[in-house]
Amino acid sequence: MKIQKAIKYVGVGLLATLAGSTAGAKTLTLLNASYDPTRELYQEYNAAFAKHWKAQTGEEVAIRQSHGGSGKQARAVIDGLEADVVTLALAYDIDALSAKAKLLPADWQQRLPDNSAPFTSTIVFLVRKGNPKAVKDWDDLVKPGLAVITPNPKTSGGARWNYLAAWAYALKHNGNDEAKAKDFVARLYKNVPVLDSGARGSTTTFVQRGIGDVLLAWENEALLALKEDGGQEFVLVAPSLSILAEPPVAVVDKVVERRGTQAVAGEYLKYLYSDEAQAIAAKHFYRPRNAAVAAKFSAQFPKLALVTIDEVFGGWKKAQEAHFSDGGVFDQIFVK
Amino acid sequence: MSSGKSNVLPGFRLALGFTLLYLSLIVLIPLSAIFVKTATLTWAQFWGTITSARVLASYRLSFGMSALAALINGVFGLLVAWVLVRYRFPGRKIADAFVDLPFALPTAVAGIALTAIYSKHGWVGSLLEPHGIKLAFTHWGVLIALVFIGLPFVVRTVQPVLEDLDRDVEEAAASLGASRWQTITRIVLPAIGPALLTGIALSFARAIGEYGSVIFISGNTPLKTEITPLLIVMKLEEYDYAAATAIALVLLVASFALLFLINVLQAWSARR
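Residues numbered from 1 in each chain as written. Chains lettered and ligands numbered in written order. Predicted model: local features only at pLDDT ≥ 70, side-chain atom pairs only at ≥ 80, totals over all residues. Heavy atoms only, no water.

Draft legend 1. Up close: the overall build of chain A. What chain A contains, in helices and strands, is 16 helices and eleven strands. The C-alpha extent of chain A, read off along each of the three principal axes, is 90 × 45 × 35 Å. The proportion of buried residues among the 336 residues of chain A is 55%. The contacts of chain A with a sequence gap of at least 6 include a subset with a gap of at least 24, amounting to 76%. For chain A, the accessible area works out to roughly 14700 Å², and carbon and sulfur atoms hold 56% of it. Side-chain charges of chain A comprise 40 positive and 36 negative groups, with the mean position of each set lying 5 Å from the other. (Helix = DSSP H or I, 4+ residues; strand = E, 2+ residues; numbered from the N terminus. Buried < 20%, exposed > 50% of the residue type's maximum accessible area, 1.4 Å probe, protein only. Contact = heavy atoms within 4.5 Å. Areas by Shrake-Rupley, 256 points an atom, 1.4 Å probe, with all protein chains shown as cover. Lys, Arg positive; Asp, Glu negative; His and termini not counted. Charge placed at Lys NZ, Arg CZ, Asp CG, Glu CD.)

Draft legend 2. Fine view of the overall build of chain B. If you tally the helices and strands in chain B, you get 13 helices and zero strands. For the C-alpha atoms alone, the extent of chain B along its principal axes is close to 65 × 65 × 30 Å. The 272 residues of chain B split such that 41% are buried. Of the roughly 15200 Å² that chain B leaves accessible, carbon and sulfur atoms contribute 72%. When the 20 basic and 14 acidic side-chain charges of chain B are each reduced to a single mean position, those positions are 4 Å apart.

Draft legend 3. The pairing of strand β8 (residues 241-245) of chain A, seen in detail. All names here are of chain A. Counting buried residues along β8, five of its five residues qualify, which places the element largely inside the surrounding structure. Here two bridges tie strand β4 (residues 119-128) to β8, and the two strands are oriented antiparallel to one another. Looking at the pairing, S121 lines up with A245 of β8. In this sheet, strand β11 (residues 305-307) lies alongside β8 in parallel orientation, the contact comprising three bridges. If you follow I243 over to β11, its bridge partner there is V307. (Pairing = 2+ DSSP bridges.)

Draft legend 4. Main features of the domain arrangement of chain B. Residues and elements named next belong to chain B. Each assigned domain of chain B is listed with its residue range as follows: domain 1 (12-41) and domain 2 (50-271). On a C-alpha basis, the centroid separation for the pair domain 1 and domain 2 is 27 Å. Each side of the interface is counted separately: domain 1 has seven residues, and domain 2 has seven residues. Contact with domain 2 buries area across many residues of domain 1, yet I34, K37 and T38 alone supply 57% of it, more than any other trio. If you look at where domain 1 meets domain 2, you find zero salt bridges. Our count for the contact surface shared by domain 1 and domain 2 stands at one residue pair in polar contact (both at pLDDT 80 or more). (Domains from an automatic or database assignment. Buried area = accessible area lost by both parts, 1.4 Å probe. Salt bridge = Lys/Arg side-chain N within 4 Å of Asp/Glu carboxyl O. Polar contact = N/O pair within 3.5 Å; in protein donor to acceptor, adjacent residues only side chain to side chain.)

Draft legend 5. Looking closely at the nonpolar core. Formed by 95 residues in total, the largest nonpolar core has its most connected members in V86, W138, L141, L188, Y189 and W316 of chain A. Here this core gets ten residues from one element, more than from any other, and that element is helix α6 (residues 157-173) of chain A. Dropping the residues within four chain positions of it, L188 of chain A is found in contact with W138, L141, V142, V148 and A166 of chain A. Judged by nonpolar contacts, the second largest core, of 67 residues, contains V158, V188, F204 and L251 of chain B. (Core = buried A, V, L, I, M, F, W, Y, C linked by side-chain atoms within 4.5 Å.)

Draft legend 6. Up close: the interface of chain B and chain A. Chain B puts 26 residues into the contact, and the matching count from chain A is 30 residues. Surface buried jointly by chain B and chain A totals about 2400 Å² across both partners, of which 54% is contributed by carbon and sulfur atoms. Taken as a group, E237, E238 and Y239 of chain B account for 31% of the area that chain B buries against chain A, more than any other trio of residues on that side. At the boundary of chain B and chain A, one finds four salt bridges. Residue E238 of chain B pairs with K154 of chain A through a salt bridge whose shortest N-O separation is 3.2 Å. Inspection of the chain B/chain A interface yields ten residue pairs in polar contact (both at pLDDT 80 or more). The set of elements that each furnish at least two residues to the side of chain B that touches chain A consists of α3 (53-86), α6 (107-118) and α12 (228-237) of chain B. Residue contributions to the side of chain B that touches chain A peak at six residues, all from α12 of chain B.

Draft legend 7. Focus on the pattern of salt bridges. All names here are of chain A. By the definition in use, this model includes 21 salt bridges over all chains. Between D84 and R259 there is a salt bridge whose closest N-O contact spans 2.7 Å. Placement of the pair is D84 in the loop between α3 (70-78) and β3 (85-87) and R259 in helix α10 (residues 253-259), with a sequence separation of 175 residues. The exposure class assigned to D84 is buried, which follows from its relative accessible area of 0%. We classify R259 as partly exposed; its relative accessible area is 28%. Ionic pairing is found between D213 and K133, a salt bridge with its closest N-O pair at 3.3 Å. Residue D213 is located in the loop between α8 (199-207) and β6 (214-218), and its partner K133 is located in the loop between β4 and α5 (138-141); the two are separated by 80 residues in the primary sequence.

Draft legend 8. Region of interest: the confidence of the model for chain B. Chain-level statistics for chain B give a pLDDT mean of 89 and a share of 97% at 70 or above. Across the predicted assembly, pTM comes out at 0.82 and ipTM at 0.74. (pLDDT = per-residue confidence, 0-100.)

Draft legend 9. Structural detail: the packing of aromatic side chains. Under the counting rule described, the total for this entry stands at 25 aromatic pairs over all chains. For the ring pair F103 of chain B and F153 of chain B, a centre distance of 5.0 Å and an interplane angle of 80° mean the geometry is edge-to-face. With F103 of chain B in helix α5 (residues 101-104) and F153 of chain B in helix α8 (residues 139-164), this pair connects stretches of sequence that are 50 residues apart. Look at F103 of chain B and you get partly exposed, because its relative accessible area is 41%. Each residue in the set Y42, Y45, F49, W53, Y268 and Y271 of chain A is aromatic and connected to the rest through ring pairs, giving one cluster. Over the face of the ring belonging to F206 of chain A we find R128 of chain A, whose NZ or CZ atom lies 4.0 Å from the ring centre. (Phe/Tyr/Trp six-rings, centres within 6.5 Å; stacked < 30°, edge-to-face > 60°. Lys NZ or Arg CZ within 6 Å of the ring centre and 35° of its normal.)

Draft legend 10. Region of the structure containing the side chain of R75 of chain A. Its place among the elements puts R75 of chain A in helix α3. The contacts of R75 of chain A, once residues within four sequence positions are left out, are L236, E237, Y239 and Y241 of chain B.

Draft legend 11. View of unusual backbone geometry. Residue and element names in this part refer to chain A. The backbone of D114 shows a phi angle near 55°, a positive value even though the residue is not glycine. In this structure, A134 takes a positive phi of about 50° despite not being glycine. Residue placement: A134 occurs in the loop between β4 and α5.

Draft legend 12. Main features of the sheet that holds strand β1 (residues 28-35) of chain A. All names here are of chain A. Spatially, β2-β1-β3-β9 is the arrangement adopted by the four strands of the open sheet, whose pairing is mixed. Of all strands in the sheet, those bounded by a partner on one side alone are β2 (61-68) and β9 (249-251). The average undirected angle you get between the axes of adjacent strands in this sheet is 20°. Of the pairings in the sheet, the one linking β1 to β2 comprises eight bridges and is parallel in character. Along β2, the bridge assignment pairs A33 with S66. (Axes fitted to C-alpha atoms, helices over the stretch in contact; angles between N-to-C directions.)

In structure tokens form, the structure reads like this:
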């Protein structure tokens, strides 16, 4: 008798849990693993997207964010962080998800428009007030006695754009002579007194500690720093040519299949290309892809010639292998 | 613990079993993963990784500065412990608590704070730089960080031994005509020697693996101020897990060998 009763209770309990879990599934959750400086951008975008999703489907969606160095985030996902989408600083880190852990197909970058980068940025210079060293272009950075602050491209994914921008400039101004470009970049890094391990560290070195004459920075971070600083201590200098930094986004197929979040994760990234999201990106100083939105915000971005990594380097894989792998060009300019 | 007699303390088997299980779970299994990952490399790749110019330069910096930092901590840590144990002065309790700060502080915070003080616009850096002395972003910066994080290891291992040391013995030595210097070298130092060695060894081992506090102050210039743990992070950043663990293995084996040597030394000095 007692046993029967107990079984009954257990049964009721089980039913209740089942009911509970199906009810819980109504509120979707999504994890977006991103890199460091996108915190505020996605905070705003997530709220906008949740509203959009609710209007479209009637479902609630809660988006959680995880931020860190781009490479560190990719490694966390490889090691099992259940991120439905990744929004990182460079394609190489998402390639790693595909190559190392088969979490998404190798052609992921073709699945969304514009190389899967809904907004872009570039590399600019931040100099001290009044630009006392009269820094105008990349040429000025290799002059003896000038101190340039940039993170170590071996540890900072974002800093690889800085290096590649300098290389692209040197190639262009030396008739595509690789040896001359190498010499130019070597001279530039000779002027770097501190190679911090990440972009945050470099910004601290330049801004807080007052070290260096020029900080190589992502345009969105430089503009944000200027806005916070109110033009008191720093000035932005746009070089004549720089690289188009394309921070890409991707759905992590293996994770969304397991979690059943394909639809919402796909829409989450697709909606980044909407007018609303493009305007949010522009507000956070990323360059929108959408021409109409870009035109509206064009005043805030300096005009400069932009080259892409595909044009100059043949894509991230090649750039990574040639320049940043063990024994690559970056190693060679230090180890003679 | 002779095998014939049963131990006076109960629960020996249970305790030993638990100890082995616990050590395996917490220490050995994670460490064995390092060997397993490294084993995916061929010998040539392994050797190439651990002997490349940058890695060799980083060993010199990491081991050299760690050893120097441990020795400095040996001298000054002993002094701090001595003062805290032997003298009574106002604020002693607070000074005592300060010793533990490097333990408690997140290492990145320590690194940022040290860099702020020693870089050219910091309190100390701004005084030294006009005289041509650069500390931050040179190998001396690495040393400063390692001394900072290693200090408590020496103080906290030496302190209890000093506290237990009977002052009567020193008084006896003095009354038998020993000079102050003789009392120190013949009576005090032999008694605290093993503890001091342990403290130095711990400080050294900690310094070898230290990352957070060093990378901010070291400047991370290839071949000059790159510590070995930074190179491990670089390999990870290239998704080269095997190469990262290969370098980690070198650190592990070298640290283990040095600690083992120090243990042997200690046993030998205790027997004498």
